[in-house]
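One letter stands for each residue in the lines below.
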Amino acid sequence: MAWLTGYPREKIHWYPTVDPEKCVKCGMCMNCGKKVFEWTEQGARVARPYDCIVGCSTCASLCAGKAISFPDVEVVREIYRSQGIWAKVKQQLIKEGKLG
Ligand code: SF4
Ligand code: SF4
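Within each chain, residues carry numbers counting from 1 in the order of the written sequence. Each chain takes a letter, starting from A, and each ligand takes a number, starting from 1, following the order in which they are written. Restriction of local features to residues with pLDDT of at least 70 applies here, the model being predicted, together with a cutoff of 80 or more for giving and counting side-chain atom pairs; totals for whole chains, interfaces and linings are based on all residues. The side-chain values count all of the structure's non-hydrogen atoms but skip hydrogen atoms and water molecules.

Enquirer: When you look at the site of ligand 2 in this model, what are you seeing that I'm missing?
Expert: Whether a residue is near a molecule or strand depends on its heavy atoms: it is near if one of them lies within 4 Å of it. Taken together, 13 residues sit near ligand 2, with Cys-23, Cys-26, Gly-27, Cys-29 and Cys-63 positioned nearest. In this analysis, the protein atoms alone were mapped onto a 1 Å grid. Cavities are point sets where a 1.4 Å probe fits without being able to get out; pockets are open sets with protein on both sides within 12 Å along at least five of seven lines; lining residues have an atom within 4 Å of a point. More than half of a molecule's atoms lying within 2 Å of a cavity's or pocket's grid points is what places that molecule inside it. Put simply, ligand 2 lies in the largest cavity. Side-chain classes are defined by residue name, with Ala, Val, Leu, Ile, Met, Phe, Trp, Tyr, Cys and Pro counting as nonpolar, Asp, Glu, Lys and Arg as charged, and the others, Gly among them, as polar. Taken together, the residues of the shell around ligand 2 break down into 10 nonpolar, two polar and one charged.

Enquirer: Would you take a moment to explain the environment of Thr-5 for this structure?
Expert: The numbering of helices and of strands both runs from the N terminus, where a helix is a DSSP run of H or I of at least 4 residues and a strand a run of E of at least 2. With respect to the element layout, Thr-5 can be found in the segment before strand S1 (17-18). Counting along the chain gives 86 residues from Thr-5 to Gln-91, while the straight-line C-alpha distance between them is 9.6 Å. A contact between two residues is defined here by any heavy atoms of the two lying within 4.5 Å. Discounting residues that sit within four places of it in the chain, Thr-5 has contacts with Ile-85, Lys-88, Val-89 and Gln-92.

Enquirer: Quick question: what am I supposed to make of the site of ligand 1 here?
Expert: Around ligand 1, a shell composed of Pro-16, Cys-32, Val-36, Phe-37, Cys-52, Ile-53, Cys-56, Ser-57, Cys-59 and Phe-70 is seen. When each cavity is represented as a set of grid points, ligand 1 is found to reside in the largest pocket. Of the residues assigned to the shell around ligand 1, the class counts are nine nonpolar, one polar and no charged.

Enquirer: Is there a simple way to explain empty space enclosed by the protein in this structure?
Expert: Rolled over the atoms, a probe as big as a water molecule pinpoints where empty space is left. Grid points are joined across faces, edges and corners, and a volume is the space filled by probe spheres set on the points. Counting across every chain of the model gives one cavity of 30 Å³ or more. Looking at the largest cavity, it is lined by 13 residues, and the ones nearest its centre are Cys-23, Cys-26, Cys-29, Ala-44 and Cys-63. Split by residue class, the lining of the largest cavity holds 10 nonpolar, two polar and one charged.

Geometric descriptors of this kind do not, in isolation, establish any biological role.
As structure tokens, this is what we get:
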């Protein structure tokens, strides 16, 4: 089940941005299971932004150079509210027998 139950991922501008000036090439962000980053001689680069999981910010927490930033999470909350995402997720969970 898609977390956003069909809401187009490309319409949610949630993904990391790397400040190359601050990147100390620690490589922690390369552990992202979604393979959002790729490695270059200059350090990490965001190669597949829309593969980032909406709301996740693990790489920013781990980043040794504090080089990774994200938009304000309120942007995501507003989409969640205005699009009734939770109601749709609940319906889907009920359909899958995962919610009573
Ligand atoms: S926020 Fe999470 S999913 Fe997105 S790039 Fe960072 S570690 Fe990967
Ligand atoms: S985690 Fe931060 S400092 Fe480390 S390589 Fe990635 S962007 Fe650079």
